[in-house]
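Residue-level listing of the chains:
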Amino acid sequence: MTIEATHDHALSRAATATAVIHPAWVRVTHWINVVAMTVMIASGWEIYNASPLFPFAFPRAITLGGWLAGALLWHFAAMWLLAVNGLIYVTLGLATGRFRRKLVPIRPGDVLADAKAALTGKLAHDDLAVYNAVQKLLYLGVILAGIVIVLSGLSIWKPVQLQELTALLGGYDFARYVHFSAMAAIVGFLLIHVIMAFLVPKSLRAMIIGR
Ligand code: HEM
Ligand code: HEM
């Protein structure tokens, strides 16, 4: 190996060692979102219990707010954090090209192949900077569910002022089901997502310190 080659090699190794997997804006908005989502889910469940859409209620121990009015206050406080933080994340995701680079394209064939590889324990997680097709689908899906839950939330919060939006979502009663379904999708995502974050080595570290 020539001196230049050795030098180049060392340089590229140093570059890999310090390469940022998740830039600061992704990490900060991600963890603010975790706080906001936790408050929104737990207070949403208490709101639900006051007038359940289905024949079940959420256990009091995992709801927030104590009663309907308390839960609504939590819900309306954290919604600003959730919406503003989400808007920053989506704007930067589009503007910086991160979404284009990391989340698309999603090919159905790749999703099937990667899902099969994951279930048989053959899916490589060696490069945390590149998402596999299942990850892309789930991340894009939860971002869309986040947009749907904010729009449906606005439509049931101000059904008179935002009546066009409420009408678009099938009217007040239907919008409540839309809002609930988006919550169920987000909670379902969360269960898988958190398990994976703890199973895949270094992925949690990368979302905290960036690399
Ligand atoms: C801008 C964001 C949001 C707004 C404006 C909003 C607004 C509302 C309003 C006004 C209600 C009361 C509906 C009623 O009286 O029946 C509600 C209920 C609820 N929200 Fe949200 N929400 C937002 C985000 C979220 C998020 C992020 C979650 C959870 C991931 C969530 C989960 C729930 C649940 C589970 C209910 C009870 C469902 C029901 O029984 O109708 N919300 N929301
Ligand atoms: C305690 C809860 C959570 C933990 C421990 C966690 C952990 C992580 C980790 C480790 C990553 C990077 C994973 C990877 O390399 O694929 C990640 C990415 C991501 N998480 Fe979470 N997460 C949590 C909650 C949430 C919630 C509530 C949402 C949304 C509803 C969410 C949405 C995302 C998205 C969209 C990404 C990809 C971000 C990007 O690359 O721009 N996470 N999370």
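If you're wondering where the values come from, they're calculated on a predicted model, not measured in any experiment.

### Focus: the pattern of salt bridges
If you walk through the whole model with that rule in mind, you get two salt bridges. A salt bridge links R60 to E46, with the shortest nitrogen-to-oxygen separation between them at 3.6 Å. Taken together, the positions of R60 in the loop between α2 (24-50) and α3 (68-95) and E46 in helix α2 put the pair 14 residues apart, joining distant regions of the chain. Residue classification places R60 among the exposed residues on the basis of a relative accessible area of 56%. On the accessibility criterion, E46 (6% relative accessible area) is buried. Across the salt bridge formed by R107 and D110, the nearest N and O atoms sit 3.4 Å from each other. The exposure class of R107 is partly exposed, given its relative accessible area of 47%.

### Quick look at the packing of α3 against helix α6 (residues 133-157)
Relative placement of two packed helices is described by the angle separating their axes and the distance separating the axes. Contact geometry for α3 and α6: axes closest at 11 Å, N-to-C directions at 140°. On the basis of their axis angle, the class for α3 and α6 is oblique. As for the relative orientation of α3 and α6, their crossing is left-handed in sense. Here F76, M79, W80, L82, Y89 and V90 of α3 lie close against α6, whose contacting residues are I143, V150 and W157.

What counts and what doesn't
- Residues numbered from 1 in each chain as written.
- Chains lettered and ligands numbered in written order.
- Predicted model: local features only at pLDDT ≥ 70, side-chain atom pairs only at ≥ 80, totals over all residues.
- Heavy atoms only, no water.
- Salt bridge = Lys/Arg side-chain N within 4 Å of Asp/Glu carboxyl O.
- Helix = DSSP H or I, 4+ residues; strand = E, 2+ residues; numbered from the N terminus.
- Buried < 20%, exposed > 50% of the residue type's maximum accessible area, 1.4 Å probe, protein only.
- Axes fitted to C-alpha atoms, helices over the stretch in contact; angles between N-to-C directions.
- Parallel < 35°, antiparallel > 145°, perpendicular 65-115°, else oblique.
- Left-handed = near helix turned anticlockwise from the far one by under 90°.
- Contact = heavy atoms within 4.5 Å.

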